[in-house]
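# Per-entry structural report
One-letter residues, chain by chain:
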Amino acid sequence: MMVPERDGVADIYARVEAVPMGGLAAFVVALQPTSVVELGTGGGVGASHVMGVLPRGATFTTVNWPAPPSGDDSRECLAPWAGDERLVVVLGDTRDPEVAQCVPDGVDLLYIDSTHTRECAEAELALWGPKLADGAVVVMDDLTHNDLMQFWDALPYEKCLVWGGCGGMFRYAAEGP
């Protein structure tokens with residue numbers, strides 16, 4: 001990933017804001033990660049945008065529940081990338097250790113956008129944290145839903161709100177902040 005270790009979250013987000021597009025795809029363009037994981041793919045619109053800008057040699061793993069709470073189905077949006085070796089689609093509970101084992105260690109960019117509850121986000125970060133590269137960027141969406149802001153406020157990392165306060169990002173540290 002092309003982010004100097006010394007860069008704080010404000011520096012990183014300034015790079016993201018300079019990209020003339022929104023959402024997770026802007027993070028991919030700005031940071032050039034080699035491994036991206038999205039927890040909670042939903043309808044796949046954001047995932048299709050990521051695939052459109054994903055660097056050669058990088059991988060993008062989408063993890064979606066077989067019957068997501070939203071009822072969304074990502075297959076139509078991701079159909080143009082069927083057979084693309086950079087895309088890995090995993091159906092399963094984002095909190096299931098067997099699902100996490102499908103992804104190699106060293107994830108540079110993790111996007112948490114599943115059930116939008118504190119309980120789920122805590123379980124996901126606990127499970128996926130060990131899969132992250134030291135200094136990985138974690139992006140969350142829909143912080144204003146349910147009790148997710150309580151989870152956000154309790155995070156011990158340097159963090160910043162993005163997307164007008166609806167989302168947030170922080171850098172993960174293997175040893176903690």
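Residues numbered from 1 in each chain as written. Predicted model: local features only at pLDDT ≥ 70, side-chain atom pairs only at ≥ 80, totals over all residues. Heavy atoms only, no water.

## Here we look at the environment of Val50
To be explicit about the condition: Secondary structure is summarised from DSSP: a helix means a run of H or I of at least four residues, a strand means a run of E of at least two, and numbering begins at the N terminus for each. Pairs of residues are marked as contacts when any of their non-hydrogen atoms sit within 4.5 Å.
Checked against the element boundaries, Val50 lands in helix α3 (residues 45-53). Considered as a pair, Val50 and Val162 are 112 residues apart in the sequence and their alpha carbons are 18 Å apart. Val50 has contacts with Leu24, Ala25, Val28 and Phe60, leaving out every residue within four places of it along the chain.

## So, the side chain of Thr41
One can find Thr41 in the loop between β1 (35-39) and α3. Other than its neighbours up to four places away in sequence, Thr41 contacts Ala47, Thr62, Val63, Asn64 and Ser74.

## Structural notes on helix α2 (residues 23-31)
Convention followed: Only protein chains enter the accessibility calculation, which uses a 1.4 Å probe; a residue is then buried when its area is under 20% of its type maximum, exposed when over 50%, and partly exposed in between.
The element α2 is largely enclosed, with a buried count of seven among its nine residues. Burial in α2 covers these residues: Leu24, Ala25, Ala26, Phe27, Val28, Ala30 and Leu31. Directly beyond the C-terminal end of α2, a positive phi value near 50° is found at Gln32.

## Some thoughts on empty space enclosed by the protein
Selection rule: In the cavity and pocket records, a cavity denotes points on a 1 Å grid over the protein atoms alone where a 1.4 Å probe fits but cannot get out, a pocket denotes an open set with protein on both sides within 12 Å along at least 5 of 7 lines, and lining residues are residues with an atom within 4 Å of a point. Grid points are joined across faces, edges and corners, and a volume is the space filled by probe spheres set on the points. Ten residue types, Ala, Val, Leu, Ile, Met, Phe, Trp, Tyr, Cys and Pro, are classed as nonpolar, four, Asp, Glu, Lys and Arg, as charged, and the remainder, Gly among them, as polar.
Taken as a whole and judged by the stated rule, the model has one cavity of 30 Å³ or more. Here the largest cavity is characterised by a volume of approximately 40 Å³. Lining the largest cavity are Ile112, Asp113, Ser114, His116, Thr117, Cys120, Ala121, Glu124, Met140, Asp141 and Leu148. With three residues, the single largest contributor to the lining of the largest cavity is helix α6 (residues 118-128). In terms of residue class, the lining of the largest cavity is built from five nonpolar, three polar and three charged.

## What to know about the packing of α2 against α3
For any two helices packed against each other, one specifies the inter-axial angle together with the distance between the axes. Put simply, the rule reads: In this analysis an axis means a line fitted to C-alpha atoms, helices contributing only their contacting stretch, and an angle means the value between N-to-C directions, from 0 to 180 degrees. What sets the label is the angle itself: under 35 degrees gives roughly parallel, over 145 gives roughly antiparallel, 65 to 115 gives roughly perpendicular, and the rest give oblique. With the far helix as reference, a near helix turned anticlockwise by less than a right angle produces a left-handed crossing, and one turned clockwise produces a right-handed crossing.
Closest axis-to-axis distance for the α2/α3 pair is 8 Å, and the angle between their directions is 20°. Here α3 runs roughly parallel to α2, going by the angle between their axes. The chirality of how α2 crosses α3 is right-handed. Side by side, α2 and α3 meet where Leu24, Ala25, Val28 and Val29 of the first sit next to His49, Val50 and Val53 of the second. Along the lines of polarity and charge, the residues of the contact of α2 with α3 split into six nonpolar, one polar and no charged.

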